[in-house]
Amino acid sequence: MTDADPHSCNAEFANEPHVDFAVEANRMAMQAAISRVGAQLGCHCPLVIDGESVDTEGRLASVVPYEFTRQVGTTASADASHADRAVQAARSARADWARLPARRRSDKLRRLADLMRRDFFELSAWEVFESAKPWREATADVCEAIDFCEYYAEGAERLAACRGADVPGEENRFVYLPRGIAAVIAPWNFPLAILTGMTAAALATGNAVVMKPAEQSPIIAAKLMQLALEAGIPPGVLHYLPGKGEEVGAALVEHSYVHLIAFTGSREVGLAIHARAAQVSGKRCKFVKRVIAEMGGKNAVIVDRDADLDEAVAGVVYSAFGFQGQKCSACSRVIVLKDVYDAFLHRLIEATRSLPIGPAEQPATIVSAVIDQEARDRILRYIEIGRQEGTEALAVDVGELARSGYYVGPHIFADVAPDARLAQEEIFGPVLAVLSAEDLDEAFRIANGVDYALTGGIFSRSPAHLDRARREMEVGNLYLNRGITGALVGRQPFGGFKLSGIGSKAGGSDYLLQYVIPKTITENTMRRGFAPPE
Ligand code: NAD
C-alpha cells in the first residue's frame, strides 16, 4: 500500500465524531439552534446559476412534516431553460477548474467541511424542520456531509499522484481526467450528506456540477450552495437548481453536455434515468453518458436460534424504526428461526411500543412524522395490504398527532409469507414484516429472495453461522451482531447491487473512479534531439 495507490484502505481517515447529547452543552447548542432557525422559517431561496440568484414564477414549498401548517420556506423552481443556462455556464468554467492542481480543489472542500463545522447545529436544525429528522439523526447527517468532503478531498489527491511504468527509452504515464459536467440528483432522506457526497466527489475530481436536490428538501440544499460559494468553489463550477424531477431533473439527464449523472433515489426513477441516458448517448451527445445510480432496498435481519435476543431486539428496533424507517438501509424484514420466534416477537413488540413519537424538534423523539402526504398515503396503503397478508402484531396509534403532521405509528406484521408484497416491496416507512424460518438454509433463501441487495444482517453466536452469512447473504453491506443502518464514510463504504444500485461504494476508496476518465500517455524517450522552443 503506497500513498499513490487509489485502492488503499484509507484506514487512517478520522470520521467526524457524532454528537453526544448526554453532554449538556450539546443539548443547549442544539436547542438554541432550533430557536434561531425556527425564527427564520418562511425564507425564500432563488436558484443559483453562475453565482447569480435567479427567481422563477413557479415555486416549491417546503413544509415541516410534523406540523404541516408551518412552512420551512419556498424556493424557486427550475425548468429545462434553467438547466441549459447552468450547463452552459458550467461549460465555460469547467476547464479552469479541471486544470487546477488536485490539492487546490481539495483545499476548498476541506474549507467547506470547516464551514459545516462552524454552522453545525444550524444545519442540523434545518434538517430537523425540513426532514423531520430527530436530533441524533440530523446531527449524524451533518457529520456524514463533513466526512464526505474530507474523504473525497483526500482521495482525489491520491488519484492525482503520478503513476507509471517506465522502461528504458519509454515513459508511461497513467492519469485520471475529469468527465466534464455532472448532474447530481439527490433524495430527501439524507438531505445534506448524500447531496454533499455526490457533489464533493464530482468537484474533487475536477468536474463542474449542477445540483438538483429533492423537492422535499430544497432549503437545506440552498444552505449547502451558500457554504460552497463561501468556501471558494468558483460560481461557474457549481449551480443550484431545485425543481421538479420530471422537469429539471429529466432535462439535465438528457442534456447534450451533461457527461455524468450521479443519482440516488428510488429504483423506478433510477432505472428510468439509466435507460434515458443510454437512449440519448451517441445521438443527442457525442459520448456515452455515465450513470451512477444508488437505489432502494428491502433489507433483512436474520435472528438465529442462539442469538442474544436483547441485542437483536435493540438492533432491529432501531434499524426498522429510526427516522421513521425512511432509510434505504432500514430493516424492513426480520427473519426469525422458529425456535425463538415467539420470544423474539413478544420482546420486539414491547420494545417498539415504547418508542417516543413526536415532533422532531423535541430531544426525546425517536419516531417523528414521515416526509409528506404522498409518503403517508403510500405507507397506509401498505398497512392495509399487511392486514390481508399477515397478522397485525403491533399498530401504534399516533392519536392527535395525525391532525397536525404526517405521522404513521410503527407497525409490525407477523407470520408474513416470503412472497407477500409486504416482504418483497420497499415501503420506506415504519412498517416491519416478521417471517419465520425452519432453519438457517431457509432463512438465507428468504433473505436473498428479493430483487434488492443493499444491507442485511444476522444476530448469531455461532461463528460457523456468521461465516455462512459472510458467504451467502447477497447484500452490499452486511452487518453481524449489530444494527444495519448508520454506515460511516471510509469505515463502511456504502452501496448495493441487484436492483439496489449500479455504482461502487459511496465513502469507499474506489468511488471516485466513477467520476474520472483514465488516460495512458506513452512517450518514446530515445535520444534523438528536440526542436528548440519557439
Ligand atoms: P425519488 O427517486 O423519488 O427522487 C430522487 C431524486 O430524483 C429527486 O431529486 C427527484 O426530484 C428526482 N427525479 C424524480 N423523477 C425524475 C426524473 N424523471 N428525472 C430525473 N430526476 C428525477 O427518491 P426519493 O423519494 O427522493 O428517495 C427515496 C428513495 O431513495 C428510496 O427508494 C431509497 O431507498 C432511496 N435511497 C437510496 C440510497 C442508497 O444509497 N442506495 C440512499 C438514500 C435513498
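Quick caveat: nothing in here was measured; it's all calculated off a predicted structure.

Peer 1: Got a sec to walk through the sheet that holds strand S4 (residues 59–64)? Specific residues and values, please.
Peer 2: The strand order across the open sheet formed by 3 strands is S1-S5-S4, and the pairing between neighbours is mixed. The sheet terminates laterally at strand S1 (43–45) and S4, the two strands that pair on one side only. The mean angle between the axes of side-by-side strands here comes to 35°, regardless of whether they run parallel or antiparallel.

Peer 1: Requested: an account of the nonpolar core, with residues and values cited.
Peer 2: Grouped together as the largest cluster of nonpolar side chains are 119 residues, with contacts concentrated most on Tyr66, Met116, Tyr152, Ile302, Ile335 and Tyr515. The element contributing the most residues to this core is helix H5 (residues 135–160), with 13 residues. A domain split of this core shows at least three residues from each of domain 1 (24–295 + 500–520) and domain 2 (299–480). Excluding residues that lie within four positions of it along the chain, Tyr515 makes contacts with Leu177, Pro178, Arg179, Met198, Ala201, Ala202, Thr205, Asn207, Leu260, Ala262 and Ile292. With 34 residues, the next largest nonpolar core counts Cys328, Ile412, Ala414 and Ala487 among its residues.

Peer 1: Report on helix H10 (residues 309–321), specifying residues and quantitative values.
Peer 2: The first and last C-alpha atoms of H10 sit 18 Å apart over 13 residues, in line with the 18 Å expected at 1.5 Å per residue. Residues of H10 that are buried in the fold lie against strand S12 (299–303), strand S13 (331–337), helix H11 (341–353), strand S15 (411–414), strand S16 (431–437) and strand S18 (455–459). The N-cap of H10, judged by a side-chain oxygen 3.0 Å from the amide nitrogen of Asp310 a few residues on, is Asp308. One or two residues past the end of H10 sits Phe323, with phi positive at roughly 50°.

Peer 1: An account of the domain arrangement of the protein is requested, with residue identities and associated values reported.
Peer 2: Partitioning the protein into domains gives domain 1 (24–295 + 500–520) and domain 2 (299–480). Taken together, the 26 residues of domain 1 in the interface contact 33 residues of domain 2. Approximately 2400 Å² of surface area, both sides summed, lies buried where domain 1 meets domain 2, with 58% of it carried by carbon and sulfur atoms. Among the residues domain 1 hides against domain 2, the three largest losses belong to Tyr66, Phe68 and Ser500. Together they make up 25% of the total. For the interface between domain 1 and domain 2, the tally reads 3 salt bridges. Residue Arg70 is joined to Glu361 by a salt bridge in which the shortest nitrogen-to-oxygen separation is 3.5 Å. Linking domain 1 with domain 2 are 15 residue pairs in polar contact (both at pLDDT 80 or more). Where the side of domain 1 that touches domain 2 is concerned, the elements lending two or more residues are helix H1 (24–40), strand S5 (67–76), helix H4 (120–131) and H5. In terms of residues, the side of domain 1 that touches domain 2 owes the most to one element, H4, which gives 4 residues. Here the residues of the side of domain 1 that touches domain 2 sort into 13 nonpolar, 5 polar and 8 charged.

Reading the values: rules and limits
- Residues numbered from 1 in each chain as written.
- Predicted model: local features only at pLDDT ≥ 70, side-chain atom pairs only at ≥ 80, totals over all residues.
- Heavy atoms only, no water.
- Pairing = 2+ DSSP bridges.
- Helix = DSSP H or I, 4+ residues; strand = E, 2+ residues; numbered from the N terminus.
- Axes fitted to C-alpha atoms, helices over the stretch in contact; angles between N-to-C directions.
- Core = buried A, V, L, I, M, F, W, Y, C linked by side-chain atoms within 4.5 Å.
- Buried < 20%, exposed > 50% of the residue type's maximum accessible area, 1.4 Å probe, protein only.
- Domains from an automatic or database assignment.
- Contact = heavy atoms within 4.5 Å.
- Expected span 1.5 Å × (residues − 1).
- Polar contact = N/O pair within 3.5 Å; in protein donor to acceptor, adjacent residues only side chain to side chain.
- Buried area = accessible area lost by both parts, 1.4 Å probe.
- Salt bridge = Lys/Arg side-chain N within 4 Å of Asp/Glu carboxyl O.
- Nonpolar A, V, L, I, M, F, W, Y, C, P; charged D, E, K, R; others polar.

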